[in-house]
Amino acid sequence: MTTAGRQLVDRLEAAVVGRRRELELLVAALAGRRHVLLEGPPGTGKSTMLRAVADAEGTGFAFVEGNAELTPGRLVGHFDPGQVLERGYGPDTFVDGPLVTALREGCLLYVEELNRVPEETLNVLVTVMSEGELHVPRLGRIAAADGFRLVAAMNPFDAVGTARISAAIYDRMCRVTMGYQPAEAEVEIVHREVPNADPDFVARVVDVVRATRTHPDVRVGASVRGAIDLVLLATELAPLRDSHPADPAVGLDAALTALSGRIRVHEGADRGADDIVRELWEQASGEGPGHDRAAPRGGEARPGKSLKADGGSASSASAAERILEGEDARRLLDEQHRQTNARRSLERHPQLAQVSPEVGVLDESAFDEALADDADAALSLLADLTGATDEKLRALARRLAARVVLDVARTGRVRSGGIGRPVTAPSDRALGDLDLDASLEALTLSRAGGGPATADELRVTTWATPSTALCLVVDRSGSMHGARLASAAVAAGAAAWRAGADHSVIAFGREAVVVKAQGDDRRADAVADDLLRLRGFGPTDLALALRAARGQLERSPARRKVAVVLSDCRATEGGDPVGAARAIGADVLGVVAPADDADDAAAFARATGARLATLTGPSAVPAAFAALLDR
């Protein structure tokens, strides 16, 4: 870095607290004419840092808020309809969007929340980053002026309404990761925003806010913005109560108000955000728990419920036709979990000695190497290790599996991913941006037909975001270990990745066990853990499983309903599975069968019109889901 660059960083460091390394990387990347991706959770100063760099260098700054409504037209610009009708297409009738403005002026284009931007719009940015120019139909080529750079920011931990960033984007950008600043830096930030606050109180507030990020029941903790708001609230609330900000009641109320909406509690946690904030505040104040632990949300678990053959409720049913949910399902799963694998039975896996060289040991680095060498063999081994008789090894394997199977599940490309796709519609039927080309074409056709040109001929671009409910049905009959266990867990992760809370998971043999009910917010890793500890036995009642799936999908208001059956579809008990499949009411019925045992599944798919995908191993599950659902 040049002397001027070091001096610039020195000046910026005084304005951006605790970010020396990130400032150096950003300044160096921009000086090297590179595009940059700033990646980190909210409240880590991504926008603050970039604005400071732009202001210090005197560089122009075009801001774009990334969201599902950022169409290519909004990013690039558009032709003014009135001017086009009067003067035709040309440079003087084009209204520049932020991308064209940044290209012409040679300034920074800052795109916030990049992973919320639709794929069609991202493709425009890929072209600009690759070629340094943009071709606009009817306008021509716009070359990037010297100084143009794309800087994007995103929160990689938020999966709601986001899409995966493609390798094409990552390949064209330098990535700067940003975590939370050290505690002393966050204290200084709060003092800058609330300069007259009591230092001891600020330190306590920062401790509480930082504790939200590591609490076992919290998925996403609060940023330093929460600490700032908490101190400000307490400072303003104290005089109203003729008290002091550090008064326990004042501080607790301020903490609940400032933090409870900012933290995200894990799905399936037995406490809400208010209880967690209260616990952390009282611990920081040295007051102890001071409250009764909240009861599990949603009341007691629902008792098991049976369904009739037609999908309706029944007060009683035969043992061969039971659908277990709530306490009954939990009891059966707990019984399954008590069955374990002795080390001798695990020795059939050739990678065991590498991954677990001795009792009670699991070498995660060795497992990562095994995963890279043979993913299916490594996943099969890990699935069996989660049921090891060795208690310490079993705990280590379950913790590792919770991460690994979900990582594998997310390797599949989700086409919809909660982000809509642009469609053209008449302006009297939908709200959206004017589609000039489609509108002019409709007006021309109307005039050619002798009819009057009216506003009804105008066309708009709107967004269609399909809501999808998904039910995964897993065959647990027969031999259930190794690759089959791992495939079931990865499939559960893929279902959660695609449908969020609006998915259910059913494991079936003679009985259908609802591992996760439709709409329940159980954590994906907890569901995968339940499936990994299943043990197979008994006959296969596929018809019962399909009726259970129908019952789950009927709970969802989603417009698109999907059922995916992970099975060889060799029914050995129960009613007619073909009739149950035809009555399931799903828009898509998919079957995922073992590649070496798919004959019965293929026959079932032909008879029911289901889509069929075959599976060579656990790592192929995401591709199988894509083959079934992304068409």
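Please refer to the structure higher up on the page.
Everything quoted here is computed from the prediction, not taken from an experiment.

Draft legend 1. Seen up close, the sheet that holds strand β22 (residues 588-594). What the seven strands build is an open sheet, ordered β14-β20-β19-β18-β21-β22-β23; its pairing is mixed. Edge positions in the sheet fall to β14 (323-324) and β23 (611-615), since each has one partner strand and no second. Sheet topology places strand β18 (residues 468-475) next to strand β21 (residues 560-566); seven bridges connect them, and they run parallel. Following the sheet pairing, Ala 469 is matched in β21 by Lys 561. Sitting on the sheet, helix α22 (residues 524-532) is in contact with β19 (503-508) and β20 (512-516), with an inclination near 150 degrees to β20.

Draft legend 2. Quick look at the packing of aromatic side chains. Under the counting rule described, the total for this entry stands at five aromatic pairs. Geometrically, the ring pair formed by Phe 61 and Tyr 110 is tilted, given 5.8 Å between the ring centres and 50 degrees between the ring planes. Here Phe 61 is found in strand β2 (residues 61-65), whereas its partner Tyr 110 is found in strand β5 (residues 108-112), with 49 residues between them in sequence. Using a relative accessible area of 0% as the deciding quantity, one classes Tyr 110 as buried. Ring centres of Phe 79 and Tyr 89 lie 4.9 Å apart, and the angle between their planes is 85 degrees; this geometry places the pair in the edge-to-face category. Taken together, the positions of Phe 79 in strand β3 (residues 77-79) and Tyr 89 in the loop between α5 (81-87) and β4 (94-96) put the pair 10 residues apart, joining distant regions of the chain. Phe 79 gets classed as buried once you look at its relative accessible area, which sits at 9%. Looking at Tyr 89, the relative accessible area reads 29%, which means it is partly exposed. Three or more aromatic residues joined by ring pairs form one cluster here, namely Phe 61, Phe 63 and Tyr 110. Directly above the ring of Phe 63 sits Arg 51, whose terminal nitrogen or CZ lies 5.6 Å from the centroid. When the ring centre of Tyr 180 is taken as reference, the NZ or CZ atom of Arg 213 above it lies at 3.7 Å.

Draft legend 3. Quick look at the nonpolar core. In this structure, Leu 385, Leu 470, Leu 472, Leu 531, Val 564, Phe 625 and Leu 629 are the most contacted members of the largest nonpolar core, which totals 61 residues. By residue number, the principal contributor to this core is helix α21 (residues 482-499), which donates 10 residues. One finds Val 76, Phe 94, Met 129 and Met 154 within the second-largest nonpolar core, a separate group that totals 37 residues.

Draft legend 4. The pattern of salt bridges, seen in detail. By the definition in use, this model includes 30 salt bridges. Measuring nitrogen to oxygen at the nearest pair gives 2.7 Å for the salt bridge that ties Asp 529 to Arg 398. Placement of the pair is Asp 529 in helix α22 and Arg 398 in helix α19 (residues 391-409), with a sequence separation of 131 residues. Overall, the relative accessible area of 12% leaves Asp 529 in the buried class. When its relative accessible area of 30% is taken as the criterion, Arg 398 is described as partly exposed. One continuous salt-bridge network, built from bridges that share partners, spans Glu 364, Arg 399, Arg 403 and Asp 407.

Draft legend 5. Summary view of the packing of helix α2 (residues 20-31) against helix α3 (residues 46-57). At a closest axis distance of 11 Å, the pairing of α2 and α3 adopts a crossing angle of 50 degrees. Taken together, the axis directions place α2 and α3 in an arrangement best described as oblique. Crossing hand, α2 versus α3: right-handed. Contacts between α2 and α3 pair Glu 22, Leu 23, Leu 26, Val 27 and Leu 30 from the former with Met 49, Leu 50 and Val 53 from the latter. In terms of residue class, the contact of α2 with α3 is built from seven nonpolar, no polar and one charged.

Draft legend 6. Quick peek at the pairing of strand β1 (residues 36-39). Neither face of β1 is left uncovered, since the one carrying Val 36 and Leu 38 and the one carrying Leu 37 and Glu 39 both have all their residues buried. Pairing between β1 and strand β8 (residues 149-154): four bridges, direction parallel. Pairing of Glu 39 across the sheet is with Met 154, part of β8.

Draft legend 7. Representation of the pairing of strand β6 (residues 133-136) in the model. Looking at chain direction, β6 and strand β7 (residues 140-143) are connected through four bridges and run antiparallel. Paired with Val 136 across the bridge in β7 is Gly 140. Connecting β6 to the next strand, β7, in antiparallel fashion are three residues, including Arg 138 with a positive phi near 70 degrees.

Draft legend 8. Local environment of the sheet that holds β5. In spatial order, the strands read β2-β5-β8-β1-β9; together these five strands make up an open sheet with parallel pairing. At either end of the open sheet lies a strand with only one pairing partner, and these are β2 and β9 (174-177). Direction aside, neighbouring strands of the sheet carry axes that sit 20 degrees apart on average. Sheet strands in contact with α2 are β1, β5, β8 and β9, and its direction is about 165 degrees off that of β9.

Draft legend 9. Structural view of the side chain of Thr 212. Checked against the element boundaries, Thr 212 lands in helix α10 (residues 199-212). Owing to a relative accessible area of 1%, Thr 212 belongs among the buried residues under this scheme. Excluding residues that lie within four positions of it along the chain, Thr 212 makes contacts with Val 218, Gly 221, Ala 222, Ile 263 and Leu 280.

Draft legend 10. α19, seen in detail. Here α19 contains 19 residues, and its C-alpha end-to-end distance of 27 Å stays within 8% of the 27 Å for a straight helix at 1.5 Å per residue. The principal kink in α19, of about 30 degrees, is found at Ala 401. Residues of α19 that are buried include every one of Leu 393, Ala 397, Leu 400, Ala 401, Val 404, Val 405, Leu 406, Val 408 and Ala 409, and no others. By the N-cap criterion, in which a side-chain oxygen at the helix start approaches the backbone nitrogen of a residue two or three places on, α19 is capped by Asp 390, the distance to Lys 392 being 3.2 Å.

Draft legend 11. A look at unusual backbone geometry. One non-glycine residue with positive phi stands out, namely Arg 33, at about 65 degrees. If you trace the backbone, Arg 33 turns up in the loop between α2 and β1. Judged by relative accessible area, Arg 33 falls into the partly exposed class, the value being 48%. Of note, Cys 569 is a non-glycine position whose phi angle comes to about 60 degrees, a positive value.

Draft legend 12. Examining the side chain of Asp 525 more closely. Structurally, Asp 525 can be placed in helix α22. Reaching out from Asp 525, the side chain makes a polar contact with the side chain of Arg 523 at a distance of 2.7 Å. Excluding residues that lie within four positions of it along the chain, Asp 525 makes contacts with Ala 402 and Leu 406.

About the cut-offs
- Residues numbered from 1 in each chain as written.
- Predicted model: local features only at pLDDT ≥ 70, side-chain atom pairs only at ≥ 80, totals over all residues.
- Heavy atoms only, no water.
- Pairing = 2+ DSSP bridges.
- Helix = DSSP H or I, 4+ residues; strand = E, 2+ residues; numbered from the N terminus.
- Contact = heavy atoms within 4.5 Å.
- Axes fitted to C-alpha atoms, helices over the stretch in contact; angles between N-to-C directions.
- Phe/Tyr/Trp six-rings, centres within 6.5 Å; stacked < 30°, edge-to-face > 60°.
- Buried < 20%, exposed > 50% of the residue type's maximum accessible area, 1.4 Å probe, protein only.
- Lys NZ or Arg CZ within 6 Å of the ring centre and 35° of its normal.
- Core = buried A, V, L, I, M, F, W, Y, C linked by side-chain atoms within 4.5 Å.
- Salt bridge = Lys/Arg side-chain N within 4 Å of Asp/Glu carboxyl O.
- Parallel < 35°, antiparallel > 145°, perpendicular 65-115°, else oblique.
- Left-handed = near helix turned anticlockwise from the far one by under 90°.
- Nonpolar A, V, L, I, M, F, W, Y, C, P; charged D, E, K, R; others polar.
- Expected span 1.5 Å × (residues − 1).
- Bend = angle between axes of the 7 residues up to and from the residue.
- Polar contact = N/O pair within 3.5 Å; in protein donor to acceptor, adjacent residues only side chain to side chain.

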